[in-house]
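For reference, the chains in residue letters:
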Amino acid sequence: MDAAPTDATAPDAGLPLCASHTLEEKGRAFLWDVRQYGRNEVAFVMRFEGQLRAYLNRCVHVPTQMDWQPGEFLDIEKRYILCSLHGAAYEPHGGRCIGGPCGRGRLTPVAVAERDGQVYWYPSRDIVPVPFDEPPAPGQDGPTAAPAAPAAPESPP
Ligand code: FES
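Small disclaimer: the values here were computed from a predicted structure and weren't measured.

This part takes up the overall build of the protein. Assigned secondary structure in the protein consists of zero helices and 10 strands. Starting at the N terminus and ending at the C terminus, the protein contains elements arranged as β-β-β-β-β-β-β-β-β-β. Residues classed as buried in the protein amount to 25% of the 157 residues present. Long-range pairs, those at least 24 residues apart, make up 48% of the contacts in the protein with a sequence separation of at least 6.

Right, dumping it as structure tokens:
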């Protein structure tokens with residue numbers, strides 16, 4: 001009889017992200033690259049009121065990253081996730097927009113869990129790991145893509 005899989009790298013077990021102790025209460029979030037519908041995105045996980053909260057780092061107002069500094073998402077009173085661009089505010093629990101130009105939108109959640117001092121994430125049908133050996137798709141300007149080289153100056157006529 002075969003034993004149940006116990007490989008910690010198996011998708012059912014989640015993919016390891018970081019040690020639990022690195023996520024301090026309302027502290028800096030951990031960021032990692034994911035792919036959604038073929039586009040490179042960044043996801044983040046933070047600890048808020050003792051619970052892990054994880055979303056795509058993409059504002060509902062304009063699809064851009066929201067953190068003030070890498071991994072810094074909370075407002076000064078550490079009550080809301082605040083977009084650094086135009087100030088949209090989201091509830092850390094559930095990611096619902098509660099103010100600013102994000103309307104009735106909500107952040108896209110990412111499944112995470114922690115066990116034995118380790119934080120894991122769980123890919124879904126729509127949000128998957130970025131393959132290590134695959135270059136960005138042509139025309140893909142994801143957050144992990146290298147910036148485009150400046151255009152060469154035109155030669156005088
Ligand atoms: S891009 Fe986030 S509030 Fe405008």
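We are not done yet, so read on.
Here three strands make up an open sheet; going across it, the order is S5-S6-S7 and the pairing antiparallel. Each end of this open sheet is capped by a strand with a single partner; those strands are strand S5 (81-82) and strand S7 (97-99). Bridge count for strand S6 (residues 89-90) against S7 is two bridges, and the pairing is antiparallel. Considered in S7, the bridge of Tyr90 is made with Cys97.

Right, let's get into the sheet that holds strand S4 (residues 51-56). Strand order across the open sheet formed by four strands is S4-S3-S2-S10, with antiparallel pairing between neighbours. The open sheet has two edge strands with one neighbour each: S4 and strand S10 (127-129). This sheet shows a mean twist of 40 degrees between the axes of neighbouring strands, independent of strand direction. Where strand S3 (residues 39-48) and S4 come together, six bridges link them in antiparallel fashion. Its bridge partner being in S4, Arg47 is matched across the sheet by Leu52.

Taken together, the four bridges between strand S1 (residues 15-19) and strand S9 (residues 118-122) define a ladder with antiparallel strand orientation. Opposite Leu15, over in S9, you have Trp121 as the bridge partner.

Let's shift gears to the confidence of the model for the protein. Here the protein averages 84 in pLDDT, while 78% of its residues score no lower than 70. Predicted confidence is poor over residues 1-10, with pLDDT under 50, and the contacts of this stretch with residues over four places away or in other chains come to five contacts. Segment residues 139-157: pLDDT under 50, and 16 contacts once partners within four positions in sequence are set aside and those in other chains are kept.

A few words now on unusual backbone geometry. Here the phi dihedral of Tyr37 falls at roughly 50 degrees; this positive angle occurs in a residue that is not glycine. With respect to the helices and strands, the residue Tyr37 is situated in the loop between strand S2 (30-36) and S3. Taking the C-beta count within 10 Å as the criterion, Tyr37 has 8 such neighbours and is therefore assigned exposed. Here the phi dihedral of Asp116 falls at roughly 50 degrees; this positive angle occurs in a residue that is not glycine.

Turning to the nonpolar core, a few remarks are in order. Within the largest apolar cluster, 31 residues are counted, with the highest numbers of intra-cluster contacts made by Phe44, Val45, Ala54 and Val112. Where this core is concerned, the elements lending two or more residues are S2, S3, S4, S5 and S9. Sorting elements by how many residues they give to this core places S3 first, with five residues. With residues up to four places along the chain from it excluded, the contact list for Ala54 reads Ala43, Phe44, Val45, Pro109, Val110, Val112 and Trp121.

Looking now at the pairing of S2. Here S2 pairs with S3 via seven bridges, running antiparallel. In the sheet register, Gln36 faces S3, and the bridge partner there is Arg39. Where S2 meets S10, three bridges bridge the pair, whose relative direction is antiparallel. Residue pairing in the sheet places Gln36 in a bridge with Ile127 of S10.

Quick notes on the rules
Residues numbered from 1 in each chain as written. Predicted model: local features only at pLDDT ≥ 70, side-chain atom pairs only at ≥ 80, totals over all residues. Helix = DSSP H or I, 4+ residues; strand = E, 2+ residues; numbered from the N terminus. Buried ≥ 20, exposed ≤ 12 C-beta atoms within 10 Å, placed from the backbone. Contact = placed C-beta atoms within 7 Å. Pairing = 2+ DSSP bridges. Axes fitted to C-alpha atoms, helices over the stretch in contact; angles between N-to-C directions. pLDDT = per-residue confidence, 0-100. Core = buried A, V, L, I, M, F, W, Y, C linked by C-beta atoms within 7 Å.

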